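Listed here are the chains, written in short residue letters.
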Amino acid sequence: MAVSDPLPLLAKCPVVPVLTIGDAKKAVPLAQALLAGGLGTIEVTLRTDAAIEAIRLISQNVPGTIVGAGTVTRSSDIDKAIKAGAKYLVSPGTPAELARALAAASVPSIPGCASASEAMALADLGFRTLKFFPAESCGGISWLKSIHGPLPDLRFCPTGGIDAKNAAAYLALPNVAAVGGSWPAPAAAVAAGDYARITNLAREAKAVRG
Ligand code: 3PG
(Lines give C-alpha, C1' and ligand atoms only; values in the text may rest on other atoms or scores of the structure.)
Protein backbone atom coordinates (compact mmCIF):
# COMPACT_ATOMS: atom_id res chain seq x y z
CA MET A 1 0.00 0.00 0.00
CA ALA A 2 1.35 3.46 -0.89
CA VAL A 3 2.23 5.81 1.95
CA SER A 4 -0.33 8.66 2.17
CA ASP A 5 1.05 11.98 0.98
CA PRO A 6 0.83 14.97 3.36
CA LEU A 7 1.85 17.52 0.71
CA PRO A 8 -1.72 18.61 -0.20
CA LEU A 9 -2.35 19.50 3.47
CA LEU A 10 0.84 21.52 3.67
CA ALA A 11 0.35 23.25 0.32
CA LYS A 12 -2.79 24.88 1.71
CA CYS A 13 -0.96 26.29 4.68
CA PRO A 14 2.85 26.17 4.65
CA VAL A 15 3.22 27.63 8.15
CA VAL A 16 2.04 25.08 10.71
CA PRO A 17 1.58 26.26 14.30
CA VAL A 18 2.85 23.66 16.76
CA LEU A 19 0.63 23.77 19.83
CA THR A 20 1.18 22.26 23.25
CA ILE A 21 -2.20 22.57 24.94
CA GLY A 22 -2.42 22.06 28.70
CA ASP A 23 -6.09 22.89 29.06
CA ALA A 24 -8.48 21.35 26.54
CA LYS A 25 -10.95 24.21 27.09
CA LYS A 26 -8.47 26.49 25.30
CA ALA A 27 -8.26 24.27 22.22
CA VAL A 28 -11.24 25.61 20.26
CA PRO A 29 -10.67 29.35 20.81
CA LEU A 30 -6.99 28.83 20.03
CA ALA A 31 -7.71 27.03 16.75
CA GLN A 32 -10.31 29.67 15.87
CA ALA A 33 -7.84 32.49 16.58
CA LEU A 34 -5.22 30.87 14.32
CA LEU A 35 -7.80 30.25 11.59
CA ALA A 36 -8.95 33.88 11.78
CA GLY A 37 -5.34 34.83 11.01
CA GLY A 38 -5.23 32.45 8.05
CA LEU A 39 -3.51 29.42 9.60
CA GLY A 40 -5.84 26.48 9.04
CA THR A 41 -3.42 23.56 9.36
CA ILE A 42 -2.26 23.06 12.93
CA GLU A 43 -0.37 20.45 14.95
CA VAL A 44 -1.30 19.56 18.53
CA THR A 45 1.56 17.81 20.29
CA LEU A 46 0.84 14.69 22.34
CA ARG A 47 2.82 16.08 25.25
CA THR A 48 0.01 16.81 27.67
CA ASP A 49 -2.88 14.89 29.17
CA ALA A 50 -5.22 17.32 27.43
CA ALA A 51 -3.83 16.73 23.91
CA ILE A 52 -6.18 14.00 22.68
CA GLU A 53 -9.24 15.83 23.98
CA ALA A 54 -7.93 19.04 22.39
CA ILE A 55 -7.65 17.26 19.02
CA ARG A 56 -11.19 15.89 19.42
CA LEU A 57 -12.66 19.30 20.27
CA ILE A 58 -10.91 21.09 17.40
CA SER A 59 -11.85 18.37 14.95
CA GLN A 60 -15.52 18.54 15.97
CA ASN A 61 -15.89 22.30 16.40
CA VAL A 62 -13.54 24.08 14.00
CA PRO A 63 -14.44 22.73 10.57
CA GLY A 64 -12.10 25.05 8.69
CA THR A 65 -9.05 23.71 10.49
CA ILE A 66 -7.06 20.60 9.64
CA VAL A 67 -5.70 19.29 12.93
CA GLY A 68 -2.78 16.89 13.15
CA ALA A 69 -1.17 15.11 16.08
CA GLY A 70 2.47 15.91 16.80
CA THR A 71 5.06 14.31 19.08
CA VAL A 72 3.87 10.86 18.03
CA THR A 73 6.55 8.70 19.63
CA ARG A 74 4.85 5.29 20.00
CA SER A 75 2.82 3.16 17.62
CA SER A 76 0.06 3.13 20.24
CA ASP A 77 -0.37 6.92 19.81
CA ILE A 78 -1.49 6.46 16.21
CA ASP A 79 -4.96 4.95 16.70
CA LYS A 80 -5.77 7.23 19.63
CA ALA A 81 -4.91 10.32 17.58
CA ILE A 82 -6.82 9.21 14.49
CA LYS A 83 -9.89 8.25 16.53
CA ALA A 84 -9.84 11.72 18.11
CA GLY A 85 -9.90 13.28 14.64
CA ALA A 86 -6.24 13.84 13.74
CA LYS A 87 -5.94 14.21 9.98
CA TYR A 88 -2.18 13.73 9.92
CA LEU A 89 0.61 12.61 12.25
CA VAL A 90 4.05 14.06 13.01
CA SER A 91 6.94 12.44 14.87
CA PRO A 92 10.08 14.14 16.21
CA GLY A 93 12.24 11.16 15.21
CA THR A 94 11.29 7.84 13.69
CA PRO A 95 12.66 4.54 14.96
CA ALA A 96 12.00 1.58 12.65
CA GLU A 97 8.90 0.17 14.31
CA LEU A 98 7.22 3.59 14.50
CA ALA A 99 8.17 4.27 10.86
CA ARG A 100 6.44 1.06 9.72
CA ALA A 101 3.34 1.87 11.77
CA LEU A 102 3.17 5.40 10.35
CA ALA A 103 3.61 4.06 6.82
CA ALA A 104 0.61 1.77 7.37
CA ALA A 105 -1.60 4.44 9.01
CA SER A 106 -4.82 5.58 7.36
CA VAL A 107 -3.81 9.26 7.46
CA PRO A 108 -0.66 10.93 6.11
CA SER A 109 2.44 11.28 8.30
CA ILE A 110 5.38 13.62 8.43
CA PRO A 111 8.00 11.44 10.12
CA GLY A 112 10.92 13.17 11.79
CA CYS A 113 14.56 12.84 10.80
CA ALA A 114 17.79 14.70 11.47
CA SER A 115 20.36 12.98 9.23
CA ALA A 116 20.84 11.70 5.68
CA SER A 117 20.70 8.09 6.89
CA GLU A 118 17.42 8.65 8.72
CA ALA A 119 15.94 10.43 5.71
CA MET A 120 17.03 7.57 3.42
CA ALA A 121 15.55 4.91 5.71
CA LEU A 122 12.21 6.76 5.62
CA ALA A 123 12.42 7.18 1.84
CA ASP A 124 12.89 3.40 1.56
CA LEU A 125 9.49 2.98 3.24
CA GLY A 126 7.88 5.33 0.70
CA PHE A 127 7.88 8.61 2.62
CA ARG A 128 8.71 11.66 0.52
CA THR A 129 7.84 14.44 2.96
CA LEU A 130 9.77 14.43 6.23
CA LYS A 131 10.02 16.58 9.31
CA PHE A 132 13.54 17.93 9.85
CA PHE A 133 13.91 18.27 13.60
CA PRO A 134 15.33 20.02 15.55
CA ALA A 135 16.06 22.19 12.52
CA GLU A 136 18.09 25.08 13.91
CA SER A 137 20.15 22.84 16.22
CA CYS A 138 20.93 20.36 13.44
CA GLY A 139 22.21 22.64 10.70
CA GLY A 140 19.10 24.53 9.64
CA ILE A 141 19.10 26.06 6.18
CA SER A 142 22.61 24.89 5.45
CA TRP A 143 21.65 21.22 6.14
CA LEU A 144 18.62 21.53 3.87
CA LYS A 145 20.73 23.01 1.05
CA SER A 146 23.32 20.24 1.44
CA ILE A 147 20.77 17.40 1.40
CA HIS A 148 18.99 18.64 -1.73
CA GLY A 149 21.79 17.52 -4.07
CA PRO A 150 21.98 13.84 -3.03
CA LEU A 151 18.28 13.45 -2.10
CA PRO A 152 16.43 15.73 -4.55
CA ASP A 153 13.09 13.91 -4.33
CA LEU A 154 12.59 14.57 -0.64
CA ARG A 155 10.64 17.50 0.79
CA PHE A 156 11.03 18.69 4.36
CA CYS A 157 9.00 20.41 7.02
CA PRO A 158 11.67 21.88 9.30
CA THR A 159 10.68 22.69 12.89
CA GLY A 160 12.56 23.61 16.03
CA GLY A 161 13.90 27.13 16.37
CA ILE A 162 11.91 28.58 13.46
CA ASP A 163 10.21 31.92 14.00
CA ALA A 164 9.06 35.11 12.29
CA LYS A 165 12.67 36.10 11.57
CA ASN A 166 13.87 33.00 9.72
CA ALA A 167 10.67 31.35 8.37
CA ALA A 168 10.81 33.11 4.99
CA ALA A 169 14.39 31.97 4.34
CA TYR A 170 13.40 28.35 5.03
CA LEU A 171 10.29 28.56 2.85
CA ALA A 172 12.36 29.92 -0.04
CA LEU A 173 14.29 26.64 -0.29
CA PRO A 174 13.16 24.28 -3.09
CA ASN A 175 13.00 21.26 -0.77
CA VAL A 176 10.97 22.91 1.99
CA ALA A 177 7.24 22.15 1.80
CA ALA A 178 6.28 23.93 5.02
CA VAL A 179 7.70 25.12 8.31
CA GLY A 180 6.40 24.39 11.79
CA GLY A 181 6.83 26.27 15.01
CA SER A 182 5.32 27.47 18.23
CA TRP A 183 5.85 31.17 17.51
CA PRO A 184 2.33 32.00 16.17
CA ALA A 185 0.84 30.88 19.50
CA PRO A 186 3.32 31.74 22.26
CA ALA A 187 2.70 29.99 25.59
CA ALA A 188 2.23 33.32 27.40
CA ALA A 189 -0.49 34.46 24.97
CA VAL A 190 -2.24 31.09 25.24
CA ALA A 191 -2.07 31.21 29.06
CA ALA A 192 -3.47 34.74 29.09
CA GLY A 193 -6.21 33.89 26.59
CA ASP A 194 -4.87 36.69 24.36
CA TYR A 195 -6.49 35.38 21.18
CA ALA A 196 -6.32 38.75 19.41
CA ARG A 197 -2.52 38.64 19.67
CA ILE A 198 -2.50 35.07 18.36
CA THR A 199 -4.64 36.08 15.38
CA ASN A 200 -2.22 38.93 14.62
CA LEU A 201 0.81 36.63 14.87
CA ALA A 202 -0.95 34.09 12.65
CA ARG A 203 -1.68 36.78 10.08
CA GLU A 204 1.99 37.81 10.04
CA ALA A 205 3.10 34.18 9.78
CA LYS A 206 0.66 33.54 6.94
CA ALA A 207 2.05 36.57 5.08
CA VAL A 208 5.52 35.00 5.05
CA ARG A 209 4.41 33.04 2.00
CA GLY A 210 1.32 35.03 1.03
C1 3PG B 1 8.47 21.44 18.96
O2 3PG B 1 8.71 20.26 18.83
O3 3PG B 1 8.26 21.98 20.05
C4 3PG B 1 8.32 22.19 17.71
O5 3PG B 1 9.25 21.80 16.79
C6 3PG B 1 8.33 23.66 17.92
O7 3PG B 1 9.58 24.11 18.22
P8 3PG B 1 9.77 25.65 18.51
O9 3PG B 1 9.12 25.91 19.85
O10 3PG B 1 11.26 25.85 18.53
O11 3PG B 1 9.08 26.40 17.41
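The structure this text deals with has already been given above.
Residues numbered from 1 in each chain as written. Predicted model: local features only at pLDDT ≥ 70, side-chain atom pairs only at ≥ 80, totals over all residues. Heavy atoms only, no water.

A separate point is empty space enclosed by the protein. Tallying each qualifying case throughout the model produces two cavities of 30 Å³ or more. Estimated volume of the largest cavity: approximately 40 Å³. The wall of the largest cavity is formed by Leu10, Val16, Glu43, Tyr88, Val90, Ile110, Lys131, Cys157 and Thr159. Its residues assigned to classes, the lining of the largest cavity comprises six nonpolar, one polar and two charged. (1 Å grid on protein atoms, 1.4 Å probe; cavity = no way out; pocket = protein on both sides within 12 Å on 5 of 7 lines; lining within 4 Å. Points joined across faces, edges and corners; volume = space filled by probe spheres on them. Nonpolar A, V, L, I, M, F, W, Y, C, P; charged D, E, K, R; others polar.)

Take the layout of surface pockets next. Put simply, the largest pocket is a space of about 170 Å³. What lines the largest pocket is a set of 14 residues, and nearest its centre among them are Thr20, Ala185, Pro186, Ala187 and Val190. For the lining of the largest pocket, the elements supplying multiple residues, two or more each, are β1 (15-19) and α9 (187-192). Looking at the lining of the largest pocket element by element, the count peaks at three residues for α9. Split into classes, the residues belonging to the lining of the largest pocket amount to nine nonpolar, three polar and two charged. (Helix = DSSP H or I, 4+ residues; strand = E, 2+ residues; numbered from the N terminus.)

This part takes up the pairing of β1. Each regular strand displays side chains that alternate between the two surfaces of the sheet. Across the five residues that make up β1, a large majority, five, are buried. Every second residue of β1 is oriented toward a common face, with Val15, Pro17 and Leu19 on one face and Val16 and Val18 on the other, all of them buried. With three bridges connecting them, β1 and strand β9 (residues 179-181) associate as parallel partners. When the bridges of β9 are listed, valine 15 appears paired with valine 179. Bridging between β1 and strand β2 (residues 41-45) involves two bridges; their strand directions are parallel. Of the residues in β2, the one forming a bridge with leucine 19 is valine 44. Between the parallel elements β1 and β2, the chain passes through helix α2 (residues 27-36) in a crossover that is right-handed. (Buried < 20%, exposed > 50% of the residue type's maximum accessible area, 1.4 Å probe, protein only. Pairing = 2+ DSSP bridges. Right-handed = clockwise from strand over helix to strand, strands pointing away.)

Attention now goes to the nonpolar core. Within the largest apolar cluster, 62 residues are counted, with the highest numbers of intra-cluster contacts made by Val44, Ile58, Leu89, Phe156 and Val179. Here this core gets six residues from one element, more than from any other, and that element is α2. Look past the residues within four positions of valine 44 in its chain and what remains in contact with it is Leu19, Ile21, Ala51, Ala54, Ile55, Ile58, Val67, Gly68, Ala69 and Gly70. Core analysis: the next-biggest nonpolar cluster, separate from the first, contains 10 residues, Leu9, Tyr88, Ile110 and Cys157 among them. (Core = buried A, V, L, I, M, F, W, Y, C linked by side-chain atoms within 4.5 Å. Contact = heavy atoms within 4.5 Å.)

Our focus in this paragraph is the site of the ligand. If you check the shell around the ligand, you find Val18, Arg47, Phe133, Thr159, Gly160, Gly161, Ile162, Gly181 and Ser182 and nothing else. Within the side chain of arginine 47, one N or O atom sits 2.6 Å away from an oxygen atom of the ligand. Serine 182 is positioned such that a nitrogen or oxygen atom in its side chain is 2.5 Å from an oxygen atom of the ligand. Protein contact buries 77% of the 310 Å² of open area that the ligand shows by itself. For the shell around the ligand, the class distribution of residues is three nonpolar, five polar and one charged. (Near = heavy atom within 4 Å. Polar contact = N/O pair within 3.5 Å; in protein donor to acceptor, adjacent residues only side chain to side chain. Areas by Shrake-Rupley, 256 points an atom, 1.4 Å probe, with all protein chains shown as cover.)

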